[in-house]
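# Report on the structure
Each chain, letter by letter, is given below.
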Amino acid sequence: MTETSKKPGEDQEERIPAMQSLLDNPFLLLFIGVAMPTVFYIVWGIMEIVTIPVAP
């Protein structure tokens, strides 16, 4: 291709979507995969403790 056959906006670098950059980072995926279940289990445990009836 010659320089004259390019389209007007073609020479600019294409912007990477946010979700693609998130899914391309394996360490961030590992952190999310460990952190999310941990938070859910902690919240679940707190809810279970709160719902235990008080002993007379």
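First, a word on what this report is: a plain description of the structure on this page. (Residues numbered from 1 in each chain as written. Predicted model: local features only at pLDDT ≥ 70, side-chain atom pairs only at ≥ 80, totals over all residues. Heavy atoms only, no water.)

## So, the overall build of the protein chain
When its secondary structure is counted, the protein chain shows 2 helices and 0 strands. Here the protein chain holds 56 residues, and 0% of them are scored as buried. (Helix = DSSP H or I, 4+ residues; strand = E, 2+ residues; numbered from the N terminus. Buried < 20%, exposed > 50% of the residue type's maximum accessible area, 1.4 Å probe, protein only.)

## Quick look at helix H2 (residues 26-51)
In this model H2 runs 38 Å from its N-terminal to its C-terminal C-alpha over 26 residues, within 8% of the 38 Å that 1.5 Å per residue would give. Where H2 begins, one side-chain oxygen reaches toward the backbone nitrogen of Phe-27, 3.3 Å away; that side chain belongs to Asn-25. (Expected span 1.5 Å × (residues − 1). Polar contact = N/O pair within 3.5 Å; in protein donor to acceptor, adjacent residues only side chain to side chain.)

## Observations regarding a nonpolar patch on the surface
A surface patch of nonpolar side chains, about 490 Å² in accessible area, is lined by Leu-28, Phe-31, Ile-32, Met-36 and Phe-40. Within the secondary structure layout, Phe-40 lies in helix H2. Given a relative accessible area of 54%, Phe-40 falls into the exposed group. (Patch = residues over 30% accessible without salt bridge, like charges linked within 9 Å, V, L, I, M, F, W, Y side chains within 5 Å. Areas by Shrake-Rupley, 256 points an atom, 1.4 Å probe, with all protein chains shown as cover. Salt bridge = Lys/Arg side-chain N within 4 Å of Asp/Glu carboxyl O.)

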